[in-house]
Amino acid sequence: MSNSTKKKKNKTAAAVGRVFIVLGTFLALVFVWLYVTMFIFCHGPSESGRNLFVSTIRETGALRFLAKWYFSEEEILAITSQDSMKANTEDTNTDLINIQPKDDDDDPSDTNNTNDDPYKDNFDENGIEVINIAGRSFEARLMKVKDPSKVFVGTIYPWRDLGLTLDELCALNDAIGGVNGGEYESSGNSGGSPIGVVVSNGQIQWNSPQYGDCLVGLTNANILYIKDISGYSAAQVEALVAEQGIRDAVTFKDLIDSNVNHFTKLIVNGVATEFSGSGSGANPRTAIGQRSDGTILLLTCDGRGAGGHIGATAADIIGIMQDYGAVNAANLDGGSSSSMYYNGEWLQNSVTMYYATSSWRLPDGFLVKGAD
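Cut-offs applied
Residues numbered from 1 in each chain as written. Predicted model: local features only at pLDDT ≥ 70, side-chain atom pairs only at ≥ 80, totals over all residues. Heavy atoms only, no water. Phe/Tyr/Trp six-rings, centres within 6.5 Å; stacked < 30°, edge-to-face > 60°. Helix = DSSP H or I, 4+ residues; strand = E, 2+ residues; numbered from the N terminus. Buried < 20%, exposed > 50% of the residue type's maximum accessible area, 1.4 Å probe, protein only. Pairing = 2+ DSSP bridges. Salt bridge = Lys/Arg side-chain N within 4 Å of Asp/Glu carboxyl O.

(A) Representation of the packing of aromatic side chains in the model. Enumeration according to the criterion identifies three aromatic pairs in this entry. Residues Trp159 and Trp206 carry aromatic rings whose centres are separated by 6.0 Å and whose planes lie at 90° to one another, so their mutual orientation is edge-to-face. Note that Trp159 is positioned in the loop between β4 (151-155) and α5 (166-172) and Trp206 in strand β7 (residues 203-208), a separation of 47 residues in sequence. A relative accessible area of 26% means that Trp206 is categorised as partly exposed.

(B) Quick look at the sheet that holds strand β14 (residues 271-272). What the seven strands build is an open sheet, ordered β2-β3-β17-β16-β18-β13-β14; its pairing is antiparallel. Strand pairing shows two members of the sheet lacking a second neighbour, β2 (128-134) and β14, which therefore form its edges.

(C) Highlighting the pattern of salt bridges. Counting across every chain of the model gives eleven salt bridges. With its nearest N and O atoms 3.8 Å apart, the salt bridge here joins Asp91 to Lys265. Here Lys265 lies in strand β13 (residues 265-268) and Asp91 lies in the loop between β1 (84-85) and β2, a separation of 174 residues in the sequence. We classify Lys265 as buried; its relative accessible area is 2%.

(D) Spotlight on the pairing of strand β16 (residues 285-291). Across the seven residues that make up β16, a large majority, seven, are buried. Burial of the side chains of β16 extends over both faces: Arg285, Ala287, Gly289 and Arg291 are buried on one face and Thr286, Ile288 and Gln290 on the other. Pairing analysis gives six bridges linking β16 to strand β17 (residues 296-301), with the strands arranged antiparallel. Following the sheet pairing, Ile288 is matched in β17 by Leu298. Taken together, β16 and the strand that follows it, β17, pair antiparallel across an intervening segment of four residues, in which Gly294 is found at a positive phi of about 100°. Sheet analysis places β16 next to strand β18 (residues 326-331), joined by five bridges and oriented antiparallel. Directly across from Gln290, in β18, lies its bridge partner Asn328.

These results come straight from atomic positions and should not be treated as a statement about function.
Following this line, the structure appears as structure tokens:
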């Protein structure tokens with residue numbers, strides 16, 4: 001190799017090295033700037049901003065550790081106790097739901113309509129109405145489903161490594177729409193493995209209950225059923241499903257400590273779960289509820305920067321469910337998983353930038369059958 005060739009290679013290597021040094025220095029400065037900015041924010045004069053940051057970040061998966069960069073365990077507990085949910089030991093009283101006949105006439109143009117509708121429903125040909133809700137720090141979509149028998153848990157069963165996006169899950173299960181469902185293994189956006197319990201069409205498809213689990217599902221009588229199953233064995237889950245006639249269900253965590261804030265019970269038997277402050281941080285949410293007439297309420301809220309919104313708190317979604325008549329309501333898996341799909345259209349996509357045109361891969365969801 002000639003000396004001139006060696007010199008050219010050395011110059012190229014030196015130039016590349018300088019680029020990496022400059023880039024590395026820039027990234028280091030950006031990191032230091034962000035760290036210092038967040039430190040000032042966390043320990044500055046805005047106590048409410050600090051509390052919201054800690055309560056929000058501890059509900060996320062990948063970024064939960066950030067709170068510990070700025071606060072000790074004792075400080076985190078002190079902060080999060082100001083925005084937290086109280087323990088709710090109530091189980092669903094199914095006698096409070098009186099499901100209306102399927103042929104009940106809700107058409108306001110029908111002069112012979114004698115149904116006094118206190119909810120001002122405007123169901124479409126599929127018995128569905130979608131309402132847009134604007135909150136202080138979020139936008140929400142509420143899907144009202146008149147006939148609760150049309151709501152079910154659709155899954156990818158038999159389980160595999162990769163789940164399906166919500167539109168694909170609807171297509172697989174011949175559903176016209178729905179929302180994401182229970183807790184699942186989401187690392188790497190694999191989405192093929194649920195966590196806890198999954199029941200679909202009366203069949204227990206996944207039975208691995210965990211500490212803190214709360215069962216959310218529908219009975220054979222089409223009543224939304226919410227029950228704490230923390231500490232249950234697989235055999236006890238089987239007995240519960242048989243005794244209560246549970247046809248479709250998933251689980252989510254009702255568990256609060258310094259590392260996580262997963263809450264499930266929102267309203268039970270017409271009484272909202274007690275909370276302090278806002279009840280939680282602000283994040284994307286998915287929830288399910290049921291009115292006294294049997295109508296199912298499916299709710300999703302955006303956040304984490306989507307549309308300039310940070311998300312909804314527990315107080316926000318409890319308030320929405322109360323406003324729309326929920327007797328029972330439960331929080332489901334939220335965050336980046338929150339999504340809603342109906343009649344060929346995404347009503348809420350994942351807030352994660354690289355899945356912003358669809359949803360994360362899911363193993364299950366609360367889906368809705370189309371018109372008969």
